[in-house]
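# Residue-level structure breakdown
Spelled out, the chains give:
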Number of protein chains: 2
Amino acid sequence: MRLSRFFLPILRETPKEAEIVSHRLMLRAGLVRQMSAGMYAWLPLGHIVLRKIEQIVREEQARAGAVELLMPTLQSADLWRESGRYDGYGKEMLRIQDRHERDMLYGPTNEEMITDIVRRDIKSYKDLPFTLYHIQWKFRDEIRPRFGVMRGREFLMKDAYSFDLSEEAARISYQKQFVAYLRTFGRMGLKAVPMKADPGPIGGDLSHEFIILADTGESEVFCHRDLVDMDIPGEDTDFDGDLSDIVAGRTSLYAATDEMHEPERFEAEVPEDKRLTARGIEVGHIFYFGTKYSEPMKAAVQGPEGSEVLLHGGSYGVGVSRLMGAIIEASHDDDGIIWPDAVAPFHVGLINLKSGDDATDAACDDVYAKLTNAGLDVLYDDRDERAGGKFATMDVIGLPWQLVIGPRGLKNGTVELKRRATGEKEELTIDTALNKLIG
Amino acid sequence: MRLSRFFLPILRETPKEAEIVSHRLMLRAGLVRQMSAGMYAWLPLGHIVLRKIEQIVREEQARAGAVELLMPTLQSADLWRESGRYDGYGKEMLRIQDRHERDMLYGPTNEEMITDIVRRDIKSYKDLPFTLYHIQWKFRDEIRPRFGVMRGREFLMKDAYSFDLSEEAARISYQKQFVAYLRTFGRMGLKAVPMKADPGPIGGDLSHEFIILADTGESEVFCHRDLVDMDIPGEDTDFDGDLSDIVAGRTSLYAATDEMHEPERFEAEVPEDKRLTARGIEVGHIFYFGTKYSEPMKAAVQGPEGSEVLLHGGSYGVGVSRLMGAIIEASHDDDGIIWPDAVAPFHVGLINLKSGDDATDAACDDVYAKLTNAGLDVLYDDRDERAGGKFATMDVIGLPWQLVIGPRGLKNGTVELKRRATGEKEELTIDTALNKLIG
């Protein structure tokens, strides 16, 4: 992508309204713009990152056997009256009336709707188990939206729903999502710790939050230090096999959010030098809630013995748009964002130090074509701007590599390659630089 | 994908509520389920098709130089008050109040919001021209939603917005989208005819609808017969070059929707044997509206001479979710859907005629692995069901190829390959069938 043809409004000033670093950097780097309180437009650069995060979520859901569908953003209030949650949900639910004065709402979550879909078409135990998910915009009318996309009102969530014949089977579905989450966050370069959590309004008796440790986190968390640096399960993990060892490897060590924290147990179970008290950002939350929705909504199948069996359910959320903020909280420096390779909007930023100079333009065009043809995503700053501004832009947007080409270096046949994360710079011939990037 | 692990609820009965063939088939083939009036959940098979349609739209927008972003579904009413459209829009606009009693709305289109984004950050003529687009859910509160996804309330639209310094430049941006649309619909196997159209509430003096001819179309259209079978512009079309000949090749022949139809001109300009009067489905609509939004919203840049210049705009819509219905209207038979290859949810349906029979299972597993490894999307019906049901399911969901493997054929070393569109069947060796599919 040539920057002259892209839409990348960089802010040189630090926006006053932004309280935390990820919010500041998302505004400065031209990733988002606020359109109303807690509602953001994702500008082109932010949109690319959002799609990369989404794609990792999708790949790991597929690996765990979950199947994607897509439910509408608006829902009928009648479904929520059926489950009994409509009156109690409070003001965070955005309630709407259509032109015929029918009560509707902007979905904050989809347990009711997916249960309705499943009960209409699934009649036999032979069709079980399955897990369905979608990645769709949700709305929660937060009284004080803040921290940018971290606590927005309109936000993108992946929510999966499992359907099983028994509690025992449902716990296996729960484990699959648990392990999928370890891989999902790990692939994004995040250290996410599963912690025992309060099920809240979703209900049920088994729930874990996946927490990124960060000073700006909204809640206090307590865990065994060893949980922070555990390896993620491999690509070859057999999701049809027994996952209980992987899950137990995490859940056997103490980890709890503040609502679930038991100080005495923490001190008894965790040696003093392993006790970690920190602030955390929730990026995922999973629940087993049994028949909480299937019972009032009569979602049942014919069981193997012929009698009706209520479906046992769980739900599994990932904050897709929030993850962008969490990744930036975890990976930045004073100059800007440092994207982990897996979610970087482009692999390489190519800087032309003298746009309009024939030799420099020709060298840049050639390198741009070679990198692009090799399948790399390149953002090519071909604008007629000063070098200082180009360097600052590249630093703030945080692409993993910067390749700098100017007339002085070209005279000696060299270009400069910079790794954004370390700041390390190398003078290389063009071919060596290309080989290093293309690998 | 193994069908035993997918979620594909097929309806054997034709649903009574569906008036047109695409709606009936989308319900029967398990593509969608209605959740409320005019609001649909996209089941896994329908979701895959939706993504394929979206991807073609995206690729052709990129080819034409448009840059993708993503705006929120909800908008502040204040923006619409600024443009002057809030009061006049009528009951199709879904109006919402949040918990602080601020007026909001579910976006039916995004001229105001994109103008707001652009005016904040774009200050100089040097940043022009550009075209931004997003693919996002919209809501129009139709009084009588019908025809399934063809006239739904919550629907997926691609809407692009161009920004230029003058009317002349804006007309070039208009031409780029015009040509992109010819390619977009053509790639989906549709014959879309651009027709002079009424700009309606978007405003402006230049507008074309892209119309698919179909008996179930909502409006009557009139055009020169030669427009229907024109070749689409090639992949190598230079969008930075002069596109006026391609556009003129279409616009010089008579084509108009009923609001814009002039019977006397039609008869004068089109020889009798070339006059085509038909019903049509609108799948795209493009507008040039000049300074209609930039003027009230004060979206201006510093021009080359230093004075302020109002931006000249156009907007360009594609009905992404509606296209699924339009494609089915154009491509089906009595047994079900016939997907054009480019949007088919899977390339091949693999039918195991005797699941549980070791030799048949082994042959199917092997073929499934080979096709998948070759990069083909395969839906493998591995269920323990009767052959008749499997055939009917494959016909109704309309994958381009069906590969049928059973114990009788395997004894002779053969399988059956069926082309869905023609019904043509061939007995082939497994290797020949694989070669034919993998190519």
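The structure this text deals with has already been given above.
These notes cover the structure that comes with them. Remember, predicted model here, so these are calculated numbers, not experimental data.

All names here are of chain A. The interhelical angle for the contact between helix α2 (residues 44-63) and helix α5 (residues 167-187), taken along N-to-C directions, is 150 degrees, at an axis separation of 9 Å. If you check the angle between α2 and α5, you find them roughly antiparallel. The element α2 and its partner α5 pack so that their crossing is right-handed. Contacts from Ile56, Val57, Glu59, Glu60, Gln61 and Arg63 of α2 reach α5 at Gln177, Ala180, Tyr181, Arg183, Thr184 and Arg187.

On to the packing of aromatic side chains, then. Tallied over the full model, the rule gives 31 aromatic pairs over all chains. Aromatic pair Phe222 of chain A and Phe266 of chain A: ring centres 5.9 Å apart, planes at 75 degrees, arrangement edge-to-face. Of the two residues, Phe222 of chain A sits in strand β11 (residues 219-224) while Phe266 of chain A sits in helix α7 (residues 263-269), which places them 44 residues apart along the sequence. When its relative accessible area of 10% is taken as the criterion, Phe222 of chain A is described as buried. The class of Phe266 of chain A is buried, set by a relative accessible area of 6%. Every member of this aromatic cluster is reached through a ring pair, and the members are Tyr106 and Phe139 of chain A together with Tyr106 and Phe139 of chain B. Over the aromatic face of Tyr86 of chain B sits the side chain of Arg81 of chain B, whose NZ or CZ is 4.7 Å from the ring centroid. Directly above the ring of Trp401 of chain B sits Arg419 of chain B, whose terminal nitrogen or CZ lies 4.7 Å from the centroid.

Bringing the sheet that holds strand β20 (residues 378-381) of chain B into the picture now. All names here are of chain B. Sheet architecture is open: five strands sit in the order β20-β19-β21-β22-β23, paired in mixed fashion. For this open sheet the edge positions go to β20 and β23 (425-429), each flanked by a neighbour on one side alone. Between one strand axis and the next, the sheet turns by 25 degrees as a mean value, whatever way the strands run. Here strand β19 (residues 348-352) runs beside β20; their pairing, made up of four bridges, is parallel. Its bridge partner being in β20, Gly349 is matched across the sheet by Leu379. Across the sheet, helix α9 (residues 358-373) touches β19, β20 and β21 (401-405), and the angle it forms with β19 is around 165 degrees. Its contacts with the sheet place helix α10 (residues 387-397) against β19, β20, β21 and β22 (414-419), and it is angled at close to 175 degrees to β19.

Think of an α-helix as turning once every 3.6 residues; residues three or four places apart then point the same way. Counting buried residues in helix α8 (residues 320-330) of chain B gives ten out of eleven residues, a clear majority hidden from the surface. Within α8 of chain B, burial applies to Val320, Ser321, Arg322, Leu323, Met324, Gly325, Ala326, Ile327, Ile328 and Glu329 of chain B.

Calculation criteria
Residues numbered from 1 in each chain as written. Chains lettered and ligands numbered in written order. Predicted model: local features only at pLDDT ≥ 70, side-chain atom pairs only at ≥ 80, totals over all residues. Heavy atoms only, no water. Axes fitted to C-alpha atoms, helices over the stretch in contact; angles between N-to-C directions. Helix = DSSP H or I, 4+ residues; strand = E, 2+ residues; numbered from the N terminus. Parallel < 35°, antiparallel > 145°, perpendicular 65-115°, else oblique. Left-handed = near helix turned anticlockwise from the far one by under 90°. Contact = heavy atoms within 4.5 Å. Phe/Tyr/Trp six-rings, centres within 6.5 Å; stacked < 30°, edge-to-face > 60°. Buried < 20%, exposed > 50% of the residue type's maximum accessible area, 1.4 Å probe, protein only. Lys NZ or Arg CZ within 6 Å of the ring centre and 35° of its normal. Pairing = 2+ DSSP bridges.

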